[in-house]
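Survey of secondary and tertiary structure
These are the residues of each chain, in order.
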Amino acid sequence: MKLNPIDAEVLDKLYIKLESSSKHLLGYPCCGSIGLYEDLARFLKFTINNVGDPFMKSNYLLNSMDLELEVLRFFASLFKINDYWGYVTNGGTEGNMFGLYLAREKFPEGIVYYSEDTHYSIRKTTKILRFDNCLISSLRNGEINYDDLKSKLVVSKPAVLNLNIGTTMKGAIDNVEKVLSILDELKIRDYYIHCDTALFGMILPFLKESPKIDFDLPINSLAISGHKFLGSPIPCGVVLCRKNVVDCIRSDVEYIGSSDATISGSRDGFSVIILWSAIKKLGLDGIKQLVENCMAVTEYAEKKLKSVSWPCWKNDHSNILIINKPKQELVRKWSLATQGSFAHLVIMPHVTRQMIDEFVSELSQ
Ligand SMILES: *Cc1c(COP(=O)(O)O)cnc(C)c1O
């Protein structure tokens, strides 16, 4: 069926706008097109729905759950966990929500601790779950303030920690080992650690000298976004947890012939195909190359900004450059996220040295 010409023009205009905006996408951890997914368009004619638990079968046969299992296996191996459960989510937010949901079921009396630099999805989730929570200050670089955490931890109650493995604005990594040693010092034995690895989950495992964030540490769950580093054109993500924790939320649903353990009911099976395809096409080596290239471009951008004396800095192992906020026109043109007098550049796989050159030259005019 065709659109009438007036409506068709609306779509044409939208297409042109999207195409132009994607050429100047510097400020959000979203990946512009890197040409990985165009060949998947033929799957759009199916209503692919992965409703239910990917590890069980569902009665709804238009699903991509076999591929979902492979995607999960890939992430499980990346984050070193054998006995895992998880699923492909609608994004980092759902993964964070799922992690805290598990924590709440395991420790209803617990308190969630999270830093000021934490993504807003965590605070939202504590509200939705009516989960007792406690805000911890941040260090200047965006890490959680360990002293403040230590002084605020309630030793008589289970501690639920959301740790940021790359904060949204500054790309700061909370030090899991430091937090563990604080828990140990305070003799808090009942704890649950959720790692929000939305962006850096796809970066750190591929860098040589970076903090190792995986299930060899006593973490319980981890969430990652699929539309950030891997550039899925549809928002999605992956959540992983230890298998034994998920049993406390499971219930069987006859209607779908599966077990209900996911937050969403109907789940997008198309983005599963996208993630699967990314993993297969790139492989570990391909992803490593993308990561190394991002880091090289980040270094380039930092030098370039310094060469025009535009104040900027970054955390270690991060592709996020914090810069003094440019004038509004540039903030808009380059889709920059801002906070007070700062903005940041997020150097994603689609960002080229030419884009940096163009941006910096506009900045210094
Ligand atoms: C982007 C981001 C999220 C949320 O992810 P969505 O996929 O947008 O829901 C959560 N945490 C951090 C640190 C993020 O950067």
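Calculation notes
Residues numbered from 1 in each chain as written. Predicted model: local features only at pLDDT ≥ 70, side-chain atom pairs only at ≥ 80, totals over all residues. Heavy atoms only, no water. Phe/Tyr/Trp six-rings, centres within 6.5 Å; stacked < 30°, edge-to-face > 60°. Lys NZ or Arg CZ within 6 Å of the ring centre and 35° of its normal. Near = heavy atom within 4 Å. Polar contact = N/O pair within 3.5 Å; in protein donor to acceptor, adjacent residues only side chain to side chain. Areas by Shrake-Rupley, 256 points an atom, 1.4 Å probe, with all protein chains shown as cover. Helix = DSSP H or I, 4+ residues; strand = E, 2+ residues; numbered from the N terminus. Nonpolar A, V, L, I, M, F, W, Y, C, P; charged D, E, K, R; others polar. Buried < 20%, exposed > 50% of the residue type's maximum accessible area, 1.4 Å probe, protein only. Arc of directions from axis to C-beta. Contact = heavy atoms within 4.5 Å. Axes fitted to C-alpha atoms, helices over the stretch in contact; angles between N-to-C directions. Left-handed = near helix turned anticlockwise from the far one by under 90°. Pairing = 2+ DSSP bridges.

As a further point, take the packing of aromatic side chains. In total, this model carries 7 aromatic pairs according to the counting rule given. A network of ring pairs unites the aromatic residues Phe55, Tyr84, Trp85, Tyr87 and Phe98 as a single cluster. The ring of Tyr300 has Arg353 lying over it, and the distance from NZ or CZ to the ring centre is 5.5 Å.

Right, let's talk about the site of the ligand for a bit. Lining the immediate environment of the ligand, one finds Gly91, Gly92, Thr93, Asn96, His119, Gly166, Thr168, Asp196, Ala198, Ser225, His227 and Lys228. Taking Ser225, its side chain carries an N or O atom lying 3.2 Å from an oxygen atom of the ligand. Starting from 380 Å² of accessible surface for the ligand in isolation, the protein chains cover 87%. It is helix α3 (residues 92-106) that contributes the most residues to the shell around the ligand, 3 residues altogether. For the shell around the ligand, the residue count by class is 1 nonpolar, 9 polar and 2 charged.

Quick look at helix α10 (residues 353-363) now. Every α-helix winds through 3.6 residues per turn, so residues three or four apart in the chain are directed the same way. Buried within α10 we find Met355, Ile356, Phe359, Val360, Glu362 and Leu363. In a view along the axis of α10, the buried residues occupy a sector of 160 degrees, so they form one face of it. Contact partners of the buried residues in α10: α1 (5-23), α8 (270-307), β11 (320-324), α9 (328-333) and β13 (342-346).

This next bit is on the packing of helix α2 (residues 65-78) against α8. In the contact formed by α2 and α8, the axes pass within 9 Å of each other and the chain directions differ by 35 degrees. The chirality of how α2 crosses α8 is left-handed. Packed against α2, whose contacting residues are Leu67, Glu68, Glu70, Val71, Phe74, Phe75 and Leu78, the element α8 presents Val272, Ile273, Leu275, Trp276, Ile279, Lys280, Leu284 and Ile287 at the interface. Here the contact of α2 with α8 is built from residues that sort into 12 nonpolar, no polar and 3 charged.

All right, on to the sheet that holds strand β6 (residues 221-225) then. The strand order β1-β7-β6-β5-β4-β2-β3 describes an open sheet built from 7 strands, whose pairing is mixed. Pairing within the sheet leaves two strands with one partner each, and these edge strands are β1 (84-89) and β3 (133-136). Taken pair by pair, the neighbouring strands of this sheet meet at an average axis angle of 15 degrees, ignoring direction. Relative to β6, strand β5 (residues 191-196) is paired through 3 bridges, and the arrangement is parallel. Bridge pairing links Cys195 to Leu222 in β6.

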